[in-house]
Amino acid sequence: MCIPHGASTKKDNGFIKDKPKKHIEKVSQDIFEKGDPSFIDERHFQDKKDTNNKSFFSSLFDN
């Protein structure tokens with residue numbers, strides 16, 4: 001005799017149906033429009049002055 005899939009006893013697998021909602025704080029309209037005054041830009045930019053504009057052969061044969 002076959003046992004249907006739904007007829008077996010259910011086991012608790014630890015799955016949580018209702019997860020707590022993650023709350024993200026809404027920023028004010030002033031900070032949204034003008035930007036964060038305490039923001040520090042940590043990106044690194046390479047100056048164009050530092051690049052050497054010599055061609056490969058001139059740098060190779062130049063002593």
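Summarised in this report is the structure supplied together with it. (Residues numbered from 1 in each chain as written. Predicted model: local features only at pLDDT ≥ 70, side-chain atom pairs only at ≥ 80, totals over all residues. Heavy atoms only, no water.)

1. Comments concerning the overall build of the chain
1) Next: What the chain contains, in helices and strands, is 2 helices and 0 strands.
2) Next: Burial analysis of the chain (63 residues in total) assigns 0% to the buried set.
3) Next: Summing over all exposed atoms, the chain offers an accessible surface of approximately 7,900 Å²; the carbon and sulfur share of this is 56%. (Helix = DSSP H or I, 4+ residues; strand = E, 2+ residues; numbered from the N terminus. Buried < 20%, exposed > 50% of the residue type's maximum accessible area, 1.4 Å probe, protein only. Areas by Shrake-Rupley, 256 points an atom, 1.4 Å probe, with all protein chains shown as cover.)

2. Let's talk about the pattern of salt bridges
1) Next: Taken as a whole and judged by the stated rule, the model has 2 salt bridges.
2) Next: Put simply, Asp30 and Lys34 hold a salt bridge, and the shortest N to O gap is 3.6 Å. With a gap of 4 residues between them, Asp30 and Lys34 both fall in helix H1 (residues 29–34), about one helical turn apart.
3) Next: In this structure Asp30 comes out as partly exposed when scored by relative accessible area, which is 45%. (Salt bridge = Lys/Arg side-chain N within 4 Å of Asp/Glu carboxyl O.)

3. A word on the packing of aromatic side chains
1) Next: Applying the stated criterion across every chain, the model contains 2 aromatic pairs.
2) Next: Residues Phe56 and Phe57 carry aromatic rings whose centres are separated by 5.4 Å and whose planes lie at 70 degrees to one another, so their mutual orientation is edge-to-face. The same class applies to Phe56 as to Phe57, namely exposed.
3) Next: When the ring of Phe57 is compared with that of Phe61, the centres are 6.3 Å apart and the planes differ by 10 degrees; the resulting orientation is stacked. In this pair, Phe57 and Phe61 are both assigned in helix H2 (residues 56–61), 4 residues apart and thus about one turn of the helix distant.
4) Next: An aromatic cluster is present here, built from Phe56, Phe57 and Phe61 joined pairwise through their rings. (Phe/Tyr/Trp six-rings, centres within 6.5 Å; stacked < 30°, edge-to-face > 60°.)

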